[in-house]
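# Breakdown of the fold
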Amino acid sequence: MKYEHILEAVSFLKGSGIDQPDIGLILGTGLDKLAEIMHKEVEISYTDIPYFVETTVEAHKGSLLFGTHHGKKIVMMRGRFHLYEGYSFDQITFPVRVLKVLGIKQLLVSNASGALNPSYSLSDLVLLDDHINFLPGNPLTGRNIHELGPRFPDLSQPYDPVMNKQLKQLAETLDIALFEGVYAAWTGPSLETRAEYRFLRNAGADVVGMSTVPEVIVANHMKLPVAVVSVVTDLCDPDNLQPLTIEQVLHHANKGSRKLSRLFDKYIQTAPEL
Ligand code: HPA
């Protein structure tokens, strides 16, 4: 990863009219609803942005959207990149670095996950409070980019406490149940076995998914405050495990997406001037 490549992508996006965004969003599998209600100014396909790779996941749109919402300038990633697509950690996290250098002050992230915690139900929302990285590596290995952050970034509070507090208060006001939990990142694309679900539960994870942790690590590296809300799309009960289809995941993501959009919408509305 070269800092110059980030600057090149940033200057391309500025030239395309993406100017000083306040908040960045990453919309995960089946969680595109918010993009539909935003006032769009510019939408650019990932394939047109220097050093961005292609989305290979069908449920992901694969574009960067810039616009205004409640008077705030928002830049949204409609779909993200995953390790299981064959991309490197550098490629997966490149967009987050670009958004930070473009000027975002906060990053809001969503994803679809499987529930390990037996008190969660389908399409529940879970605010991440911590994570366990089971991916084969870390996006910060290799030469450190000092322009972005330190060699050994602290991860004692990887999910921003101020953003999380605000999201919890808003969820209460909106009467949306919002759990808090630990996310385990698993490589995929095959789903976990019963024994692996048992292992993940014992490890202390509440939800499991195939994304997010690389983005959260690079955000912390750059001291970019980040909050993540996960939508439960399936129940990972090792003693009664049902086969899972992508259709089911999308169905429950879509149900959860309505609550998620209301929550993120309110968050953007009430965010102080950044
Ligand atoms: N594992 C299990 N269930 C899931 C996942 C996962 O990675 N993502 C969404 N539902």
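In what follows, the structure referred to is the one given above.
All values derive from a computational prediction rather than experimental measurement. (Residues numbered from 1 in each chain as written. Predicted model: local features only at pLDDT ≥ 70, side-chain atom pairs only at ≥ 80, totals over all residues. Heavy atoms only, no water.)

## Describing the pairing of strand β5 (residues 106–115)
For clarity, the threshold we go by: Here the term buried applies to any residue with accessible area under 20% of the maximum for its type, exposed to any over 50%, and partly exposed to those in between, with areas from a 1.4 Å probe on protein chains only. Counting from the N terminus, the helices are DSSP H or I runs at least four residues long and the strands are E runs at least two residues long. Here the rule is simple: two strands pair whenever DSSP picks up at least two bridges between them.
Burial analysis of β5 places ten of its ten residues in the buried class, the great majority of the element. Two strands pair when backbone bridges link them, and strand β1 (residues 23–27) and β5 are joined in this way by four bridges, in the parallel orientation. When the sheet's bridge partners are listed, isoleucine 26 is paired in β5 with valine 109. Pairing of β5 with strand β8 (residues 207–209), which is carried by two bridges, proceeds in the antiparallel orientation. If you follow alanine 115 over to β8, its bridge partner there is valine 207.

## Things to note about the packing of helix α1 (residues 3–15) against helix α3 (residues 89–102)
For clarity, the threshold we go by: In this analysis an axis means a line fitted to C-alpha atoms, helices contributing only their contacting stretch, and an angle means the value between N-to-C directions, from 0 to 180 degrees. Small angles under 35 degrees read as roughly parallel and large ones over 145 as roughly antiparallel, with 65 to 115 read as roughly perpendicular and the rest as oblique. Left-handed describes a crossing whose near helix is turned anticlockwise from the far helix by less than a right angle; the clockwise case is right-handed. Contacts: residue pairs with any heavy atoms within 4.5 Å of one another. Put simply, Ala, Val, Leu, Ile, Met, Phe, Trp, Tyr, Cys and Pro go in the nonpolar bin, Asp, Glu, Lys and Arg in the charged bin, and everything else, Gly too, in the polar bin.
It is the contact of α1 with α3, at a shortest axis distance of 9 Å, that shows an interaxial angle of 60 degrees. What the angle tells us is that α1 and α3 run oblique. As α1 runs across α3, the sense of the crossing is right-handed. Contact residues: α1 offers His5, Ile6, Leu7, Ala9, Val10, Leu13 and Lys14, while α3 offers Phe94, Arg97, Val98, Val101 and Leu102. Among the residues forming the contact of α1 with α3, the class breakdown is nine nonpolar, one polar and two charged.

## Describing the packing of aromatic side chains
Counted only if it meets this: Geometry of aromatic contacts follows a simple scheme: Phe, Tyr and Trp rings, the Trp one being its six-membered ring, pair when their centres are within 6.5 Å, and the pair is stacked under 30 degrees between planes, edge-to-face over 60, tilted otherwise.
Applying the stated criterion to the full structure yields nine aromatic pairs. One aromatic cluster in this structure is built from Tyr46, Tyr51, Phe52, Phe81, Tyr87 and Phe94.

## Observations concerning the pattern of salt bridges
Basically, it comes down to this: Throughout this description, the term salt bridge denotes a Lys or Arg side-chain nitrogen within 4 Å of a carboxyl oxygen of Asp or Glu.
Summed over the entire model, instances satisfying the criterion amount to five salt bridges. The residue glutamate 215 makes a salt bridge to arginine 80 at a minimum N-O spacing of 2.8 Å. With glutamate 215 in helix α6 (residues 213–221) and arginine 80 in the loop between β4 (72–78) and α3, the pair connects residues that are 135 residues apart, well separated along the chain. Considered together, glutamate 215 and arginine 80 belong to a single accessibility category, that of buried residues.

## A look at empty space enclosed by the protein
Any empty space left between atoms is shown by rolling a water-sized probe over those atoms. The criterion, for reference: The pocket and cavity definitions rest on a 1 Å grid over protein atoms only: a 1.4 Å probe that fits but cannot leave marks a cavity, an open set with protein on both sides within 12 Å along at least five of seven lines marks a pocket, and residues lining either have an atom within 4 Å of a point. Grid points are joined across faces, edges and corners, and a volume is the space filled by probe spheres set on the points.
Here the structure, examined in full by the defined rule, presents one cavity of 30 Å³ or more. Here the largest cavity defines a volume of roughly 40 Å³. Around the largest cavity, the lining residues are Phe81, His82, Leu83, Ile92, Leu135, Met210, Ser211, Thr212, Pro214 and Glu215.

## Considerations on the packing of α3 against α6
Packing of α3 against α6 brings their axes to within 9 Å, and their N-to-C directions diverge by 50 degrees. Comparing their axes, α6 and α3 come out oblique. Where α3 crosses over α6, the two elements pack in a sense that is right-handed. Contacts between α3 and α6 pair Phe89, Ile92, Thr93, Val96 and Arg97 from the former with Pro214, Glu215, Val218 and His221 from the latter. When the residues that make up the contact of α3 with α6 are grouped by side-chain class, the tally is five nonpolar, two polar and two charged.

## Observations regarding the site of the ligand
Heads up, the condition is: Residues are labelled near a given molecule or strand when at least one of their non-hydrogen atoms is within 4 Å of it. Polar contact is the term for a pair of N or O atoms within 3.5 Å; when the atoms are in protein, one must be able to donate a hydrogen and the other to accept it, and sequence-neighboring residues count only if both atoms are side-chain atoms. Where accessible areas are quoted, they stem from the Shrake-Rupley method and a 1.4 Å probe; at the residue level, only the protein chains shown are allowed to cover. For a cavity or pocket, the test is whether more than half of a molecule's atoms lie within 2 Å of its grid points; if they do, the molecule sits there.
As a structural note, the neighbourhood of the ligand is formed by Ala112, Ser113, Gly114, Leu191, Glu192, Tyr197, Val208, Gly209, Met210, Thr233 and Asp234. A distance of 3.3 Å is found between a nitrogen atom of the ligand and a backbone nitrogen or oxygen belonging to glycine 114. Aspartate 234 has a polar side-chain atom sitting 2.5 Å from a nitrogen atom of the ligand. When the ligand is considered free in solution it has 260 Å² of accessible area, and contact with the protein chains removes 93% of it. One can see that the ligand is located within the largest pocket. Residue assignment for the shell around the ligand shows that the elements contributing at least two residues are β5, β8 and β9 (226–235). The element that contributes the greatest number of residues to the shell around the ligand is β5, accounting for three residues. Looking at the shell around the ligand, its residues break down into five nonpolar, four polar and two charged.

## A few points about the nonpolar core
Threshold: Nonpolar cores were defined as sets of buried Ala, Val, Leu, Ile, Met, Phe, Trp, Tyr and Cys residues, with membership established by side-chain atoms within 4.5 Å.
Within the largest apolar cluster, 52 residues are counted, with the highest numbers of intra-cluster contacts made by Leu13, Ile18, Ile49, Leu64, Val98 and Leu107. When residues no more than four places from it in sequence are discounted, the contact partners of leucine 13 are Ile18, Ile44, Ile49, Leu64, Val98 and Leu102.

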